[in-house]
There are 2 protein chains.
Amino acid sequence: MTAGLANVRALAFDVFGTVVDWRSTVIREGEALGRARGLSVDWAAFAEAWRDGYYPAMDRVRHGALPWKNLDELHRIILDGLLERFAIAGLSEREKDALNRVWRRLDPWPDAVAGLTRLRRKFTVATLSNGNVALLESMARRAGLPWDAVLSAEHAGHYKPDREVYLRAAELLDLAPDEVMMVAAHKSDLRAAAGAGLRTAFVPRPEEWPNRRIDVSFEDAFDIGARDFLDLAAQLGA
Amino acid sequence: MTAGLANVRALAFDVFGTVVDWRSTVIREGEALGRARGLSVDWAAFAEAWRDGYYPAMDRVRHGALPWKNLDELHRIILDGLLERFAIAGLSEREKDALNRVWRRLDPWPDAVAGLTRLRRKFTVATLSNGNVALLESMARRAGLPWDAVLSAEHAGHYKPDREVYLRAAELLDLAPDEVMMVAAHKSDLRAAAGAGLRTAFVPRPEEWPNRRIDVSFEDAFDIGARDFLDLAAQLGA
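Residues numbered from 1 in each chain as written. Chains lettered and ligands numbered in written order. Predicted model: local features only at pLDDT ≥ 70, side-chain atom pairs only at ≥ 80, totals over all residues. Heavy atoms only, no water.

Q: What should I look at first to understand the overall build of chain A in this one?
A: A count of helical and extended segments in chain A gives 10 helices and 8 strands. Projected onto the principal axes, the alpha-carbon positions of chain A cover approximately 60 × 35 × 35 Å. By the burial criterion, 55% of the 238 residues in chain A qualify as buried. Restricting the contact set of chain A to residue pairs at least 6 apart, pairs at least 24 apart contribute 65%. In the form shown here, chain A has an accessible surface area of approximately 9,800 Å², with 49% of it arising from carbon and sulfur atoms. Of the side chains in chain A, 32 bear a positive and 35 a negative charge, and the two mean positions are spaced by 3 Å. (Helix = DSSP H or I, 4+ residues; strand = E, 2+ residues; numbered from the N terminus. Buried < 20%, exposed > 50% of the residue type's maximum accessible area, 1.4 Å probe, protein only. Contact = heavy atoms within 4.5 Å. Areas by Shrake-Rupley, 256 points an atom, 1.4 Å probe, with all protein chains shown as cover. Lys, Arg positive; Asp, Glu negative; His and termini not counted. Charge placed at Lys NZ, Arg CZ, Asp CG, Glu CD.)

Written as structure tokens, this is what we have:
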């Protein structure tokens, strides 16, 4: 650990893709639904399209085209389009809502719970996600994620990578920005966190997009590069 | 449990006095400080005066005489006045700050952790306190309070009993107000929660103010009256 990191008190984790494996969970639940309803759907394409809808939907909120909507609501708007596009007909309102809540039931990456538990001995561990509080809290209960604090874009009324989200998290933790380290698998998130004065740890998750060429290389621009959360704990002396 | 309570999904707990015993912790830490510094102070009077300063300080924020300040900051403003009033001189800035943070180190009532652990099997358990997020999170780590969510007046930018605090908590939990039950030892808090549409459980804590006549009687106006959190769990079938 470099000397400049000695004052880090809290770790703020991106969640979708960094802590939990959205892709395989959405595929698994989609396949189960498909079997139950006799649907023939490419659930991997469906899962990826759902996630691909996420940034444009948030950008509509970020740039004022939509009033604030939480992530459950944005996921549902995207889902309604996908049901049409993938010709999935006949779901009741209740079934659509249950499917939409798959984002509350995502499985953690295999190292996540053990790594967070270890990191929590030395640091405050918090979410810092675009997911809404209820979503993150439901996910944590089911998956056993030991958060000290569930911090969300919802608390700032802005979505990442807006600067307000990172600064609001530091404020809620009663810490200076450089006492908080953002942990994420996505470089854009880390660059925005660094721009707001936070420390950064890059933990690549190549399995998030197994069929896409994504940038998983370590960079000196981030304070730490770690293979997974257990490696992060080792590097941080936790 | 009455039928109308069947849709309660989350319990939102007042914290100071309801979950934790601020009085005896402040007295104990004060006495330790007094021994270390050779001070002669009535620490029970000091503790009660600190708490008595809480409502007027919040009211100054609620009515606009002060801009938003979190509870750590309000506690510190009150403390600075008390140090003068109780003739406690010679503390460094660092010692004052450490003393102020006693509110993050409060001990739970004896039934609190066991009761919350049991209630959490059936309900989402959250704080709903005027304490700021960092304060509540530090307290929870130290005391082992198993919150699913740390909800605070800070999230609403209002202090209880302002209606916005209760409604914001329901919104963050993604629940209707009547799916949330406020649990408190203070009737004014419960009356305000009920006014915002929440369910209410009164859990009197006669030891909070052992030398004052406080109203600890059960009332039909509240959905539940319970002796402690274990009794609350029993009444709610948890």
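Following the structure, the description resumes.
Q: I tried to follow the sheet that holds strand 4 (residues 124-129) of chain B on my own but got confused; where do I start?
A: Backbone-to-backbone hydrogen bonds join strands into a sheet, with any given pair of strands oriented parallel or antiparallel. Residues and elements named next belong to chain B. Spatial ordering of the open sheet is given by 5-4-1-6-7-8, a layout of 6 strands whose pairing is parallel. Two strands in the sheet have a free side with no partner beyond their single neighbour: strand 5 (149-152) and strand 8 (224-225). Note: strand 6 (residues 180-184) against strand 7 (residues 199-202), 4 bridges, orientation parallel. From the neighbouring strand, M182 faces strand 7, where its bridge partner is T200. (Pairing = 2+ DSSP bridges.)

Q: Got a minute to help me understand the packing of helix 3 (residues 54-62) of chain B against helix 4 (residues 71-85) of chain B in this structure?
A: Relative orientation and spacing of two packed helices are given, respectively, by the angle between their axes and the distance between those axes. Residue and element names in this part refer to chain B. One can describe the packing of helix 3 onto helix 4 by two numbers: an axis separation of 10 Å at closest approach and a directional angle of 120°. The orientation of helix 3 relative to helix 4 falls into the category oblique. Pair helix 3 / helix 4 crosses with right-handed handedness. When helix 3 is examined against helix 4, the residues Y54, A57, M58 and V61 are found in contact with a partner set consisting of L71, L74, H75 and I78. (Axes fitted to C-alpha atoms, helices over the stretch in contact; angles between N-to-C directions. Parallel < 35°, antiparallel > 145°, perpendicular 65-115°, else oblique. Left-handed = near helix turned anticlockwise from the far one by under 90°.)

Q: What's the story with the nonpolar core in this structure? I'm lost.
A: One recurring pattern in soluble globular proteins is that nonpolar side chains are buried together. One finds A:F13, A:F46 and B:F13 to be the most contacted residues of the largest nonpolar core, which totals 174 residues. Setting aside residues up to four positions removed in sequence, A:F46 forms contacts with A:V26, A:V41, A:L79, A:L82, A:F86, A:I88 and A:L99. (Core = buried A, V, L, I, M, F, W, Y, C linked by side-chain atoms within 4.5 Å.)

Q: Explanation requested: the sheet that holds strand 1 (residues 10-13) of chain A in the structure shown.
A: Residues and elements named next belong to chain A. The parallel open sheet is built from 6 strands, whose spatial order is 5-4-1-6-7-8. Unpaired on one side and paired on the other, strand 5 (149-152) and strand 8 (224-225) mark the two borders of the sheet. Note that strand 4 (residues 124-129) and strand 5 share 4 bridges and pair parallel. Paired with A126 across the bridge in strand 5 is A149.

Q: In this structure, what is going on with unusual backbone geometry? I would like to understand it.
A: The phi torsion of most residues other than glycine is negative, and most of the peptide bonds are trans. For the peptide bond that leads from A:K160 to A:P161, omega is 5°, which places it in the cis range. By secondary structure assignment, the location of A:P161 is in the loop between strand 5 and helix 8 (163-172). Of note in the backbone geometry, A:D174 takes a positive phi value of approximately 60° without being a glycine. Along the chain, A:D174 falls in the loop between helix 8 and strand 6 (180-184). Phi is positive for B:A87, close to 55°, though the residue is something other than glycine.

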